[in-house]
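Here's the letter readout for the chains.
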Amino acid sequence: MSEVKVLLLRGVNVSGANRLPMPEFRQMLLEQGLQQIHTHLQSGNAVYLDPGVAGVEAKITAAMKDRFGFAPPMFVMTLAEYDAILAANPYKKQGVADGTQVHIYFLESPIAASVTSGLSAHATGGEAISVTDKALYLLAPNGVGRSVLATKLEAGLTMVNTARNQTSATAIAALARTITV
């Protein structure tokens, strides 16, 4: 059964590390049997139609190692799963005004409540975090670059994660909706 999927890679094309040319990345995904592949920006965001390729994540990992020499952590989810994560964002309204103030951290596993409360103690200037089993939402009204809370998040999150600001996250969802099933 064909499904529209979202693929988010962690840590590609950041400060010259893990260079991943998007045209070659799209070609590699096509070679794995995926269809209607689109990428967003240069940071490892892809949407595609999966016609039911068996073991697709393992195939992508192996192909990335072979072709690019690295295989970063990846998050693959259906468009419905991705939409549910975006819908659970308690800071959507603030993100509509300025999507760079709201970040969504996609999580490999749930965060312990003790970690969340410890991180919340670093919130200043209207900052806040909220957590579900799949994501952590950060509101940083003065910008992530100036946020002590954002810095503490990077150190405090021990599970694999990758973050997108609300502007990018919603653009990825819109791009995924252009795919026809």
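Model, not experiment: these values are computed from the prediction.

### Things to note about the layout of surface pockets
Okay, step 1: A volume near 340 Å³ is recorded for the largest pocket.
Okay, step 2: If you go around the largest pocket, you meet 17 residues; those closest to its centre are His103, Thr162, Ala163, Arg164 and Asn165.
Okay, step 3: Breaking the lining of the largest pocket down by element, the ones donating at least two residues are β5 (102-107) and β8 (161-165).
Okay, step 4: The greatest single-element share of the lining of the largest pocket, amounting to 4 residues, is contributed by β8.
Okay, step 5: Here the residues of the lining of the largest pocket sort into 7 nonpolar, 7 polar and 3 charged.
Okay, step 6: The volume enclosed by the second largest pocket comes to roughly 220 Å³.

### As for the environment of phenylalanine 106
Okay, step 1: In this structure, phenylalanine 106 sits in strand β5.
Okay, step 2: Look at phenylalanine 106 and you get buried, because its relative accessible area is 1%.
Okay, step 3: When the C-alpha positions of phenylalanine 106 and alanine 163 are compared, they lie 6.1 Å apart, and in sequence the two are 57 residues distant.
Okay, step 4: Discounting chain neighbours no more than four positions away, the residues touching phenylalanine 106 are Leu8, Phe75, Met77, Tyr82, Ile85, Lys134, Val160, Asn161, Thr162 and Arg164.

### Points about the nonpolar core
One recurring pattern in soluble globular proteins is that nonpolar side chains are buried together.
Okay, step 1: Val6, Leu8, Met77, Tyr82, Ile85, Ile104 and Phe106 are the most contacted members of the largest nonpolar core, which has 23 residues in total.
Okay, step 2: At the level of elements, β1 (3-9), β3 (45-50), β4 (74-78), α3 (79-87), β5, β7 (135-139) and α7 (166-176) are the ones that each hand at least two residues to this core.
Okay, step 3: Discounting residues that sit within four places of it in the chain, methionine 77 has contacts with Val4, Lys5, Val6, Leu8, Tyr82, Ile85 and Phe106.
Okay, step 4: Listed in part, the 21 residues of the second largest apolar core include Met28, Leu34, Ile37 and Phe68.

### Focus: the sheet that holds β3
Okay, step 1: Spatial ordering of the open sheet is given by β2-β3-β1-β4, a layout of 4 strands whose pairing is antiparallel. In this open sheet, the two strands that pair with only one neighbour each are β2 (35-40) and β4. Adjacent strand axes in the sheet meet at a mean angle of 20° when their direction is disregarded.
Okay, step 2: Across 5 bridges, the pairing between β1 and β4 is antiparallel. Within the sheet, the bridge partner assigned to leucine 9 lies in β4 and is methionine 74.
Okay, step 3: Across the sheet, α3 is in contact with β1 and β4; its angle to β4 comes to roughly 100°.
Okay, step 4: Strands in contact with α7 are β1, β2 and β3; relative to β2, the strand with the most contacts, it is inclined by about 160°.

Rules and cut-offs
Residues numbered from 1 in each chain as written. Predicted model: local features only at pLDDT ≥ 70, side-chain atom pairs only at ≥ 80, totals over all residues. Heavy atoms only, no water. 1 Å grid on protein atoms, 1.4 Å probe; cavity = no way out; pocket = protein on both sides within 12 Å on 5 of 7 lines; lining within 4 Å. Points joined across faces, edges and corners; volume = space filled by probe spheres on them. Helix = DSSP H or I, 4+ residues; strand = E, 2+ residues; numbered from the N terminus. Nonpolar A, V, L, I, M, F, W, Y, C, P; charged D, E, K, R; others polar. Buried < 20%, exposed > 50% of the residue type's maximum accessible area, 1.4 Å probe, protein only. Contact = heavy atoms within 4.5 Å. Core = buried A, V, L, I, M, F, W, Y, C linked by side-chain atoms within 4.5 Å. Pairing = 2+ DSSP bridges. Axes fitted to C-alpha atoms, helices over the stretch in contact; angles between N-to-C directions.

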